[in-house]
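The chain contents come next:
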Amino acid sequence: MQSTVPFNAALLNKYDTFGPRYTSYPTALQFSPAFTRDDYLAALARSNAGGKPLSLYFHIPYCESLCFYCACNKIITHTRERARPYLENLYREVGLQAERVAGREVRQLHFGGGSPTFLDDEQLNGLLQHAEGHFNFAPFTEREFSIEIDPRTVGDNTIALLRDYGFNRLSLGVQDFNQEVQRAVNRLQSVEQVQAVLDAAARAGYQSVSMDLIYGLPHQTLDSFSQTLETVIGMRPQRLAVYSYAHMPQKVKAQKLIVSETLPDAVTKLGLLELSIQRLQEAGYVYVGMDHFALPEDELVVAMQNGSLQRNFQGYSTHAETDMIAMGVSSIGKVDDCYSQNQRHEKHYLSDLAADQLPVMQGYRLSEDDKLRREVIQRLMCQGEVDLAEIEAQYSVRFDRYFSESLDALAPLAEDGLVQVDSRYIRVLPLGRLLVRNIAMCFDAYIKPAREQRFSRVI
Ligand code: SF4
């Protein structure tokens, strides 16, 4: 796949619609409460027979203050004590999950939130000790352990403590360094705070640091965001994600605190995207896909080039498919051919575990059609091409017949130069790389016009 992406404002405007990010297919909109705890247990039992390595996800929902743009599932509190009953029940969940997958090796682990660094060192240490005591962690050198860091709430000791457990990747929320923007979204965070985390990570020997930026925030201008980009480029993180801010105050309550009139207009927003792509590529970053950039030697770029890149709930990953066991309120896991989600409300999460029950709220078991479409969408998003003969052999279908509607839907995109379709391959062309969601949506059996606004905009 070509590593630089051209920018075409007319095409981006033409195809700017609402679309899923495809961290799963089908998306969480298809999850249903008809999928029960028993269904999850049956999926775990089936997956044990395959014995794939495991990936663990822990959701820590607490944050000290509210960032007004945030659409995550989080609980704002200043009281660390608030996490105590949650952690006690998370320990219970670790016990309930681990006893059912005894012996399977944990290669990947991710702490997300909320803000995992809301927990103090004693709480983090306790949780990791408990997890290591119950699950079978891979040898230190084979672990890919990562955590989302809020630079405002983390100290050097925490960075070193996590390294002792084999954490090797840090993901830092930065968003924008401009103070007017920071005030408007209620996230004041200095360059020095971020640099201090980078210094601590370097001292502790972390392999990779990634940073998140957001474009489209209030008061952002090309000049102001350009300064943020230069500061970040100077810090040289291995990976960068540059997300588009989706302003949906009717759905995300916190966003009502953002004054709509202060948001950049559509032309400026597109300009911010163009600026980001241009500057990051000039600075040597490679566009991996869907908002993600990395330095050429990074594993994500290598995986993109050799065709082993994967997409999962955390975005892009280099690991071949693992079963993902997700723990904590609202977390989503993937086991065997099922997705399952824990209770979304803390109260229900705690009461299920107090009754010694896994807190499964809803989920989904994939049909054969879902698996086939997921494969095609995954290949488009990660490899940028679909080898039709491979799909036909793997799923015993005639591609052109099975996907005749999808191929019809792709035709206008092919005319616009986003994608090339012939009798052997579907290939995402350079112009289509920023619009890969639109290409993938042609293969999504659940996309319906009425539902489109449940997703964020493509740009
Ligand atoms: S952006 Fe992060 S720190 Fe801010 S409210 Fe959301 S989860 Fe919490």
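Not measured: the values here are computed from a predicted model.

1. Structural notes on helix H10 (residues 299–306)
Considered for burial, the residues of H10 that qualify are Leu300, Val301, Ala303 and Met304. Seen along its axis, H10 keeps its buried residues to an arc of 160°; they face one direction. Turned more than 90 degrees off the buried face of H10, the exposed positions are Gln305 and Asn306. Where H10 is buried, its residues contact strand S9 (239–244), strand S10 (286–289), strand S11 (292–294), strand S13 (315–317) and helix H12 (368–382). Between a side-chain oxygen at the N-terminus of H10 and the backbone nitrogen of leucine 300 the separation is 2.8 Å; the capping residue is aspartate 298. Once H10 finishes, glycine 307 follows within two positions and takes phi at roughly 85°, a positive value.

2. Remarks on the sheet that holds strand S18 (residues 385–387)
Spatially, the three strands line up as an open sheet ordered S18-S20-S19, and their pairing is antiparallel. Because the sheet does not close on itself, it has two edges, and the strands there are S18 and strand S19 (419–421). Taking the axes of each pair of neighbouring strands and ignoring which way they run, one obtains an average angle of 10° across the sheet. Against the sheet, helix H13 (residues 388–395) contacts S18 and strand S20 (425–428), and its axis sits at roughly 55° relative to S18. Strands S19 and S20 of the sheet are contacted by helix H15 (residues 404–415), whose axis makes an angle of about 125° with S19.

3. Quick look at the environment of serine 340
Structurally, serine 340 can be placed in strand S16 (residues 338–342). Between the alpha carbons of serine 340 and phenylalanine 31 there is a distance of 7.8 Å; along the sequence they are 309 residues apart. Leave out the neighbours within four places in its chain, and serine 340 touches Phe35, Tyr40, Ser331, Ile332, Gly333, Gln362 and Gly363.

4. Here we look at the pattern of salt bridges
Scanning the model with the defined rule gives 28 salt bridges in all. Between aspartate 337 and arginine 46 there is a salt bridge, with the nearest N and O atoms lying 2.9 Å from each other. Of this pair, aspartate 337 sits in the loop between strand S15 (332–335) and S16 while arginine 46 sits in helix H2 (residues 37–50); the two residues are 291 residues apart in sequence, bridging distant segments of the chain. Residue classification places aspartate 337 among the buried residues on the basis of a relative accessible area of 9%. For the salt bridge of aspartate 150 with arginine 152, the shortest nitrogen-to-oxygen distance reads 2.8 Å.

5. A word on the site of the ligand
Every residue close to the ligand is listed here: Cys63, Ser65, Cys67, Tyr69, Cys70, Gly114, Ser115, Asp150, Arg152 and Arg187. Class assignment for the residues of the shell around the ligand results in four nonpolar, three polar and three charged.

6. What to know about the domain arrangement of the protein chain
We note that the domain assignment places domain 1 (1–26 + 367–459) and domain 2 (28–325) within the protein chain. Facing the 28 residues of domain 1 at the interface are 32 residues of domain 2. Between domain 1 and domain 2 lies a buried interface of about 2700 Å² when both sides are counted; carbon and sulfur atoms form 60% of it. Counting every contact that joins domain 1 to domain 2 gives one salt bridge. Ionic pairing is found between aspartate 291 and arginine 21, a salt bridge with its closest N-O pair at 2.5 Å.

7. What to know about the environment of tyrosine 62
Following the sequence through the fold, tyrosine 62 ends up in strand S2 (residues 62–63). Residue class for tyrosine 62 comes out buried when judged on its relative accessible area of 0%. For the pair tyrosine 62 and serine 115, spaced 53 residues apart in sequence, the C-alpha separation works out to 5.8 Å. Discounting residues that sit within four places of it in the chain, tyrosine 62 has contacts with Ile75, Thr77, Arg82, Ala83, Tyr86, Gly114, Ser115, Phe118 and Glu346.

8. Topic: helix H3 (residues 83–98)
Taking 1.5 Å as the rise per residue, H3 with 16 residues should run 22 Å; its terminal C-alpha atoms sit 22 Å apart, in good agreement. Among all positions in H3, only Ala83, Tyr86, Leu87, Asn89, Leu90, Glu93, Val94, Gly95, Leu96, Gln97 and Ala98 are buried.

9. Thoughts on the packing of aromatic side chains
The full count for this structure, using the stated rule, is 16 aromatic pairs. Ring geometry for tyrosine 402 against phenylalanine 403: centres 5.0 Å apart, planes inclined by 70°, an arrangement best described as edge-to-face. We classify tyrosine 402 as partly exposed; its relative accessible area is 34%. The interplanar angle of 70° and the centroid separation of 5.3 Å between the aromatic rings of phenylalanine 403 and phenylalanine 443 together place this pair among those described as edge-to-face. Linking phenylalanine 403 in the loop between helix H14 (399–402) and H15 with phenylalanine 443 in the segment after helix H16 (436–441), this pair joins segments that are 40 residues apart in sequence.

10. Quick look at the nonpolar core
By size, the foremost hydrophobic cluster in this structure holds 121 residues, and its most contacted members are Phe58, Phe167, Leu170, Leu172 and Phe443. Considering every element that reaches this core, the biggest residue donor is H3, with seven residues. In this structure phenylalanine 167 touches Leu109, Phe111, Leu128, Phe145, Ser146, Ile147, Leu162 and Tyr206, once residues within four positions along its chain are discounted. The next biggest cluster of nonpolar side chains, apart from the first, holds 11 residues, and it includes Val181, Val185, Ile258 and Leu263.

Basis of the calculations
Residues numbered from 1 in each chain as written. Predicted model: local features only at pLDDT ≥ 70, side-chain atom pairs only at ≥ 80, totals over all residues. Heavy atoms only, no water. Buried < 20%, exposed > 50% of the residue type's maximum accessible area, 1.4 Å probe, protein only. Helix = DSSP H or I, 4+ residues; strand = E, 2+ residues; numbered from the N terminus. Arc of directions from axis to C-beta. Contact = heavy atoms within 4.5 Å. Polar contact = N/O pair within 3.5 Å; in protein donor to acceptor, adjacent residues only side chain to side chain. Pairing = 2+ DSSP bridges. Axes fitted to C-alpha atoms, helices over the stretch in contact; angles between N-to-C directions. Salt bridge = Lys/Arg side-chain N within 4 Å of Asp/Glu carboxyl O. Near = heavy atom within 4 Å. Nonpolar A, V, L, I, M, F, W, Y, C, P; charged D, E, K, R; others polar. Domains from an automatic or database assignment. Buried area = accessible area lost by both parts, 1.4 Å probe. Expected span 1.5 Å × (residues − 1). Phe/Tyr/Trp six-rings, centres within 6.5 Å; stacked < 30°, edge-to-face > 60°. Core = buried A, V, L, I, M, F, W, Y, C linked by side-chain atoms within 4.5 Å.

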